[in-house]
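# Results of the structural survey
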Amino acid sequence: MTIRVVEPGFFTTVQDLGRYGYAHLGISAGGAADPFSFRIANLLVGNEENAPALEMTLRGATLEFAESAVVAIAGADCDCECDSVSVPANTAFQIRAGSVLRSGSTRNGARSYLAIQHGFDVPVIMGSASTAIAGRFGGFRGRRLQKDDVLQIGKHGSSGIRSLRPGTLDSLQTSHPLRVTKGAQQDWFAPEAFAKLFSCAYVVTEQSDRSGLRLTGNAVHPRNQSNLLTDGIPLGAIQVPQDGQPIILFVDQQTTGGYPKIANVIAADMHRVGQLRPRDQVQFTEVSIADAVQALLDQQQWLNDILVRNNF
Amino acid sequence: MDAQPLKITDASDSSLLVVFGDVVSPDLHCRVMAMFRAFLAQHDPRIRNLHPGYASLLIDFDPLRLTHDELAATARELASRDDSEHSTSSRFITIPVCYDSDFAPDLLDVAQHAGISVNEVVRLHSSSDYLVYFLGFSPGFAYLGGLPPILQMPRLATPRTSVPAGSVGIAGIQTGIYPVDSPGGWRLIGRTPLRMFDPEATPPTRLQPGDTMRFFPIDRATFDDLRRSPARQPS
């Protein structure tokens with residue numbers, strides 16, 4: 001049961017929900033950049049939400065199926081076609097043997113997720129199927145997909161296919177500012193630095209990937225340029241290097257670093273970071289830790305309600 | 001031990017940063033390791049990742065199952081224990097390094113910067129015991145403390161776009177080994193034939209936080225021999 005990569009797209013990797021417990025060895029959690037859409041894609045084909053699936057970035061892959069399969073696509077719209085017939089997002093659909101599934105460019109975000117019933121068959125390394133690009137392991141041979149790679153369908157259990165009513169996930173597409181809490185070195189920064197961070201729109205630069213998003217906009221500087229002893233970096237930390245242009249540390253981040261961290265994107269908004277494209281604009285707004293945790297709880301509840309309403 | 005007060009900060013909605021001090025010192029490192037090992041030993045499923053730093057420990061956790069206050073209380077409790085069980089590492093690791101010029105594009109610069117001979121750089125570098133403060137930057141990359149001060153030299157102004165796995169370098173007060181091919185700005189003075197990071201192995205990294213290690217010089221023939229026959233690499 002094989003799937004041939006006809007075109008890999010811009011940057012396509014096998015991911016799951018991440019590799020935890022190895023940060024002290026320099027190994028970041030990795031995992032889907034937009035875990036929300038990743039989970040939806042898996043649930044649509046009846047998989048457990050952590051089954052290995054494809055993360056397609058900016059331009060999707062073209063895949064040829066040797067046998068029939070059931071797949072679903074979630075996340076950014078990518079004008080997916082099966083044998084030149086348009087297929088809907090957020091719905092599981094059958095692919096016949098010999099068919100070619102072609103995904104185009106993402107229109108309203110950076111990443112689309114392609115889940116297949118029973119998951120993709122890749123080795124589990126350190127408890128995860130995620131591709132770790134820096135360490136060159138995990139996923140499919142520790143790298144992004146290339147032309148003529150051959151993927152195998154896995155043996156993960158499936159409980160049957162589902163679909164979401166159109167528009168169900170529209171509220172995920174928000175242009176609200178990204179919510180942040182104050183960061184680990186918050187006392188290194190004067191109130192004016194926070195005012196600068198929150199008062200302008202930053203632009204996501206081309207030098208952005210799964211390890212971090214480099215932004216350009218108001219420069220933000222600590223009170224004095226003393227050196228920080230290298231310390232651990234949480235996911236979503238906004239660190240400020242010497243030039244003052246913030247960097248959001250992302251899923252394939254370094255586990256430690258030496259730049260002060262002024263703020264941190266809240267967990268409930270990390271999936272939106274995964275959908276930012278180069279040249280997109282972002283603004284930040286501050287919330288309390290308590291509000292951030294409540295937002296995560298609300299989001300979990302919202303997803304559960306959707307799943308119940310759509311008979312998952 | 002002159003215990004400075006802990007500083008505990010909410011680093012994010014899912015993490016807590018415990019800061020033990022603001023200098024690089026074996027004593028502070030000892031306290032970081034004691035807390036790190038105590039948390040590891042708890043196997044608490046609500047804690048997802050532990051990131052030791054020079055003088056701090058970042059704890060990444062599931063905020064829907066554990067609060068910052070609960071975790072901070074646990075950290076304070078662990079710090080107050082006289083915890084000899086978790087404070088020392090028994091591991092002493094030796095790592096062979098070939099300082100041949102093929103592997104050491106910056107060895108001459110380091111010698112000139114220090115005002116000593118290349119042989120003296122090699123002798124000094126391979127006769128110190130180093131402490132593994134923590135791992136970071138890339139999988140298996142160990143930050144080693146204990147570099148003889150005369151060998152200290154700032155990193156390259158422009159990092160190399162590619163440094164081969166096994167390269168041994170110097171940057172400021174630190175020395176280290178690149179476990180995987182990666183970009184990097186450290187001054188390269190040698191290379192080890194050992195595989196420092198093997199994702200299939202348990203544990204996947206040859207060095208662990210808290211280990212003590214020492215380099216020993218090998219010639220090119222021994223390097224090639226160890227490279228050819230990984231089975232003969234010490235584990």
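Bear in mind that the values here come from a model prediction, so they are computed numbers and not experimental data.

Within chain A, the secondary structure is distributed over four helices and 21 strands. Taken over C-alpha atoms, the radius of gyration comes to 20 Å for chain A, in line with the 20 Å a tight globule of 312 residues would show. A total of 312 residues make up chain A; the buried ones form 53% of that total. Residue pairs at least 24 apart in sequence account for 76% of intrachain contacts in chain A once pairs closer than 6 positions are excluded.

Before going further, it helps to spend a moment on the domain arrangement of chain A. Residues and elements named next belong to chain A. Here chain A is described as being made up of domain 1 (2–171) and domain 2 (176–291). On a C-alpha basis, the centroid separation for the pair domain 1 and domain 2 is 28 Å. Contact with domain 1, which involves 18 residues of that partner, is made by twelve residues of domain 2. If you tally residues by element for the side of domain 1 that touches domain 2, the top one is helix H1 (residues 35–44), at three residues. Partitioning the side of domain 1 that touches domain 2 into residue classes produces ten nonpolar, six polar and two charged.

We now examine the sheet that holds strand S10 (residues 111–116) of chain A. Residue and element names in this part refer to chain A. Taken in spatial order, the five strands make up an open sheet running S2-S3-S10-S5-S8, and their pairing is antiparallel. Of all the strands in the sheet, the pair left with one neighbour each is strand S2 (11–15) and strand S8 (93–95). Here the average twist between neighbouring strands, direction ignored, is 30°. Here strand S5 (residues 69–75) runs beside S8; their pairing, made up of three bridges, is antiparallel. Paired with Val 70 across the strands is Gln 94, a residue of S8. On the sheet, H1 packs against S2, strand S3 (53–57), S5 and S10 and is oriented at approximately 155° with respect to S5.

Size of an interface, as often reported, equals the accessible area lost when the parts are brought together. Taken residue by residue, the interface counts 42 residues in chain B and 37 residues in chain A. Mapped onto the side of chain B that touches chain A, the elements with two or more residues apiece are strand S1 (7–12), strand S2 (15–19), strand S3 (47–52), strand S4 (56–61) and strand S6 (130–135) of chain B. For the side of chain B that touches chain A, the leading source of residues is S3(B), giving five residues.

Let us look at the domain arrangement of chain B. All names here are of chain B. Segmentation of chain B into domains returns domain 1 (7–85) and domain 2 (92–232). Placing a centre on the C-alpha atoms of domain 1 and another on those of domain 2 gives a separation of 29 Å. At the interface, eight residues of domain 1 touch seven residues of domain 2. Per-element tally for the side of domain 1 that touches domain 2: the top contributor is helix H1 (residues 26–42), with four residues. Looking at the side of domain 1 that touches domain 2 residue by residue, the class counts come to six nonpolar, two polar and no charged.

Cis geometry is adopted by the peptide bond preceding B:Pro203, which originates at B:Thr202 and carries an omega value of -5°. Although it is not a glycine, A:Asp148 adopts a positive phi angle of roughly 75°. For A:Asp148, the location among the structural elements is in the loop between S10 and strand S11 (150–152). Given 10 C-beta atoms within a 10 Å radius, A:Asp148 is considered exposed.

Moving on to the nonpolar core. Core analysis: the biggest nonpolar cluster contains 81 residues, and A:Ala41, A:Val71, A:Ile73, A:Tyr113 and A:Ala115 have the highest contact counts within it. Residue-level mapping places this core at the junction of two domains, with at least three residues from each of domain 1 (2–171) and domain 2 (176–291) of chain A. Residues in contact with A:Ala115, not counting those within four places in the same chain, are A:Ala41, A:Asn42, A:Leu44, A:Val45, A:Asn47, A:Ala51, A:Ala53, A:Val71 and A:Ala72. The next biggest cluster of nonpolar side chains, apart from the first, holds 74 residues, and it includes A:Ala132, A:Ala184, B:Ile47 and B:Met153.

Another aspect to go through is the sheet that holds strand S1 (residues 2–7) of chain A. All names here are of chain A. Sheet architecture is open: six strands sit in the order S7-S6-S9-S4-S1-S11, paired in antiparallel fashion. In this open sheet, the two strands that pair with only one neighbour each are strand S7 (85–86) and S11. In terms of strand pairing, strand S6 (residues 81–82) meets S7 through two bridges, oriented antiparallel. Its bridge partner lying in S7, Cys 82 is registered against Val 85.

The next subject is the environment of A:Ser103. Residues and elements named next belong to chain A. Relative to the elements of secondary structure, Ser 103 occurs in the loop between strand S9 (100–102) and S10. On the neighbour-count criterion, Ser 103 (24 C-beta atoms within 10 Å) is buried. Along the primary structure Ser 103 and Asp 79 are separated by 24 residues, whereas in three dimensions their C-alpha atoms are 6.0 Å apart. The contacts of Ser 103, once residues within four sequence positions are left out, are Gly 9, Met 56, Gly 60, Ala 61, Cys 78, Cys 80 and Ser 112.

Residues and elements named next belong to chain A. Within S10, six of the six residues are buried, leaving the element largely enclosed by the surrounding structure. The side-chain alternation of S10 yields two buried faces, one formed by Arg 111, Tyr 113 and Ala 115 and the other by Ser 112, Leu 114 and Ile 116. Bridge count between S3 and S10: four bridges; the pairing is antiparallel. Note on S10: the bridge partner recorded for Glu 55 is Tyr 113. Bridge count for S5 against S10 is five bridges, and the pairing is antiparallel. Within the sheet, the bridge partner assigned to Gly 75 lies in S10 and is Ser 112.

Thresholds applied
Residues numbered from 1 in each chain as written. Chains lettered and ligands numbered in written order. Predicted model: local features only at pLDDT ≥ 70, side-chain atom pairs only at ≥ 80, totals over all residues. Helix = DSSP H or I, 4+ residues; strand = E, 2+ residues; numbered from the N terminus. Rg over C-alpha atoms; globule rule 2.2 N^0.38 Å. Buried ≥ 20, exposed ≤ 12 C-beta atoms within 10 Å, placed from the backbone. Contact = placed C-beta atoms within 7 Å. Domains from an automatic or database assignment. Nonpolar A, V, L, I, M, F, W, Y, C, P; charged D, E, K, R; others polar. Pairing = 2+ DSSP bridges. Axes fitted to C-alpha atoms, helices over the stretch in contact; angles between N-to-C directions. Core = buried A, V, L, I, M, F, W, Y, C linked by C-beta atoms within 7 Å.

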